[in-house]
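Survey of secondary and tertiary structure
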Amino acid sequence: MMMNRFSNLFMRSSSLMNRSYTTTHKSSTTTTTMATASAPTTVKLIDESEYNQKHSFTAIENSFAVVHVGGKQYKVIKGDLIMTDRLPTVEVGEHIVLDKVLLVGTQDSTTIGTPLAEEYKVHAYIEEQSKSQHVTIFKHKRRKNYKRTTGFTPLATTLRIGEIIKKN
Amino acid sequence: MNIDKIFKLAKGYFGRSKNCKSLARERVEKGLEYNYVSRRLKKRDFRAQWIQRINAGTRQHGLNYSDFMRGLISSDCQINRKILSELAVTEPFSFKALTVQAKDQLSKLHFKTYIPKEDIINPTPQVKAGIETPTLKQK
């Protein structure tokens, strides 16, 4: 059931194939590391365009971004649903801004972060705070009369990706 | 484990393994053991596959995997192998940009190391017993 909802994520065809490349190199080396960078910024009840105006961002059409959420990296485009590990500080329906963006590709350029492309951010909405598939842990040592069965259900958060935005 | 759960997991097994209590228990327990191991193997296998894909992608641009990663790591690009392999497959132009970035960085590095060229006094290192010993500037 769950997989059906996300199957389009894996099967989507890339519309961004036909484009020339330019690399934007950042001249200065930043000292921020991913571990010390802050958690996703939470924005309460603000429209995407309102946020963009307030903080002087512009949306980039036809682009993809590589974002770092909850210790994992995801390649996302607008409208994607991604299932991440549980983000503990957010609630369903909330609007957040993912600020750890590692790479942004548009139709005519690619920006590579070192390690973060700091002028880029990605809007996201919390769709669901759910659980992912149950794991049965069965340990067994043969000839030693040792059997242990426990289970584990990882907690998950489903994010819907909005616009990818750039600082003016 | 509860026998009902055992039979639930034994659905589709061959022969009497799906119907007999004792056989079903044996098969299911062995299966769950493999499951435990495979969850760990999965991480290794996928990493190996990603590396193969990145290697195939970078060789199209005249770089091998190890040089490509050396270039990216020394330029502090922290994109992981999962994403790099995905980019190699689906985003040829972005991947080319990454190889350009790696090549750019490699041209600033000494031979096969992470040491910047400008930190080295003798650019052609002496080879002693098969080990290169570049002399570094004192900082």
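Whatever comes next refers back to the structure up there.
Residues numbered from 1 in each chain as written. Chains lettered and ligands numbered in written order. Predicted model: local features only at pLDDT ≥ 70, side-chain atom pairs only at ≥ 80, totals over all residues. Heavy atoms only, no water.

Considerations on the overall build of chain A
Going by this rule: In this text, helices come from DSSP runs of H or I with a minimum length of four residues, and strands from runs of E with a minimum of two, each type numbered from the N-terminal end. Residue exposure (1.4 Å probe, protein chains only): buried if accessible area is under 20% of the type maximum, exposed if over 50%, otherwise partly exposed. Contact definition: two residues touch when any of their heavy atoms are within 4.5 Å. All accessible-area figures derive from a Shrake-Rupley calculation using a 1.4 Å probe, and residue coverage is judged against the displayed protein chains alone.
If you tally the helices and strands in chain A, you get two helices and 13 strands. Going through the 168 residues of chain A one by one, you find that 44% of them count as buried. Contacts spanning at least 24 positions in sequence make up 75% of the contacts within chain A whose residues lie at least 6 apart. Carbon together with sulfur atoms contributes 51% to the accessible area of chain A, which is approximately 9500 Å² in total.

A word on the interface of chain A and chain B
In plain terms, the rule: Computed with a 1.4 Å rolling probe, the buried area is the accessible surface lost when two parts are put together, summed over both parts. We define a salt bridge as a side-chain nitrogen of Lys or Arg found within 4 Å of a carboxyl oxygen belonging to Asp or Glu. Side-chain atoms alone can form a polar contact between residues adjacent in sequence; in general such a contact is a pair of N or O atoms within 3.5 Å, and within protein one must be able to donate a hydrogen while the other accepts it. Ten residues, namely Ala, Val, Leu, Ile, Met, Phe, Trp, Tyr, Cys and Pro, are considered nonpolar, four, namely Asp, Glu, Lys and Arg, are considered charged, and the remaining ones, Gly among them, are considered polar.
Counting residues at the interface gives 33 residues for chain A and 27 residues for chain B. Taken together, both faces of the contact between chain A and chain B bury some 2700 Å²; the carbon and sulfur share is 58%. Between chain A and chain B we count two salt bridges in total. Taken together, the connections running from chain A to chain B amount to eight residue pairs in polar contact (both at pLDDT 80 or more). When residues of the side of chain A that touches chain B are traced back to their parent elements, those giving at least two are β4 (64–69), β5 (72–77), β8 (101–105), β9 (110–112), β11 (135–141) and β12 (146–152) of chain A. Of all the elements, β11 of chain A adds the most residues to the side of chain A that touches chain B, at six residues. In terms of residue class, the side of chain A that touches chain B is built from 14 nonpolar, 14 polar and five charged.

Topic: the nonpolar core
Quick note on the threshold: What we call a nonpolar core is a set of buried Ala, Val, Leu, Ile, Met, Phe, Trp, Tyr and Cys residues that are connected through their side-chain atoms within 4.5 Å.
L103 of chain A together with F68, L72, I79, L84, L87 and L98 of chain B are the most contacted members of the largest nonpolar core, which totals 23 residues. At the level of elements, β4 and β8 of chain A together with α3 (65–74), α4 (81–90) and α5 (92–106) of chain B are the ones that each hand at least two residues to this core. If you tally residues by element for this core, the top one is α5 of chain B, at five residues. Residues in contact with L84 of chain B, not counting those within four places in the same chain, are I54, F68, M69, L72, I79, F95 and L98 of chain B.

Comments concerning the packing of aromatic side chains
Spelled out, the test is: Note on aromatic contacts: the rings of Phe and Tyr and the six-membered ring of Trp form a pair at centre separations within 6.5 Å, being stacked when their planes are under 30 degrees apart, edge-to-face when over 60 apart, and tilted otherwise. In this scheme, Lys NZ or Arg CZ marks a charge over a ring once it lies within 6 Å of the ring centre and within 35 degrees of the ring normal.
Applying the stated rule across the entire model yields three aromatic pairs over all chains. Pairing F46 of chain B with W50 of chain B gives two aromatic rings, centres 5.9 Å apart and planes at 40°, and the pair type is tilted. Here F46 of chain B pairs with W50 of chain B, and both are found in helix α2 (residues 21–59), just four residues apart, close to one helical turn. One Lys or Arg, K75 of chain A, reaches over the ring of F64 of chain A and ends 5.2 Å from the middle of that ring. Taking NZ or CZ as reference, K30 of chain B lies 5.1 Å from the ring centre of Y34 of chain B, over its face.

Some points on the pairing of β5 of chain A
Residue and element names in this part refer to chain A. Quick note on the threshold: Note: two strands are recorded as paired if DSSP finds a minimum of 2 bridges between them.
Of the strand pairs in this sheet, β4 and β5 are connected by six bridges, and their pairing is antiparallel. Bridging across to β5, A65 finds its partner in V76. Where β4 folds back onto β5 in an antiparallel hairpin, the turn is made up of two residues, including G70, whose phi is positive at roughly 55°.

Structural notes on a positive patch on the surface
This is how it is decided: Nonpolar side chains (Val, Leu, Ile, Met, Phe, Trp, Tyr) within 5 Å and like charges within 9 Å form the patches, drawn only from residues with over 30% relative accessible area and no salt bridge. Charge convention: Lys and Arg are scored as positive, Asp and Glu as negative, and His as well as the terminal groups of each chain are ignored. We put the charge of a Lys on NZ, of an Arg on CZ, of an Asp on CG and of a Glu on CD.
A cluster of basic residues, K139 and K141 of chain A together with R40, K42 and K43 of chain B, forms a positive patch at the surface. Listing elements by their share of the positive patch, those giving two or more residues are β11 of chain A together with α2 of chain B. Per-element accounting of the positive patch gives the leading share, three residues, to α2 of chain B. Inspection of the secondary structure puts K141 of chain A in strand β11.

Structural notes on α5 of chain B
Applicable threshold: Expected helix span is given by 1.5 Å per residue-to-residue step, counting one fewer step than there are residues.
Spanning 15 residues, α5 of chain B covers 21 Å between terminal C-alpha atoms, matching the ideal 21 Å at 1.5 Å per step. Along α5 of chain B, the residues that are buried comprise S94, F95, A97, L98, T99, Q101, A102, Q105 and L106 of chain B.

Quick word on the pattern of salt bridges
For the structure shown, the criterion picks out nine salt bridges over all chains. For K78 of chain A, the salt bridge is made with E163 of chain A, and the minimal N-O distance between the two is 3.3 Å. Here E163 of chain A lies in strand β13 (residues 155–167) and K78 of chain A lies in the loop between β5 and β6 (81–85), a separation of 85 residues in the sequence. Accessibility expressed as a relative area gives 52% for K78 of chain A, which makes it exposed. Exposure remark for E163 of chain A: the relative accessible area of 13% places this residue in the buried category. A salt bridge links R160 of chain A to E127 of chain A; its shortest N-O distance comes to 3.0 Å. Of this pair, R160 of chain A sits in strand β13 while E127 of chain A is found in strand β10 (residues 120–131), placing the two residues 33 residues apart along the sequence. Judged by its relative accessible area of 34%, R160 of chain A falls in the partly exposed class. When salt bridges with common partners are traced through the structure, they connect D67, R70 and K112 of chain B into a single cluster.

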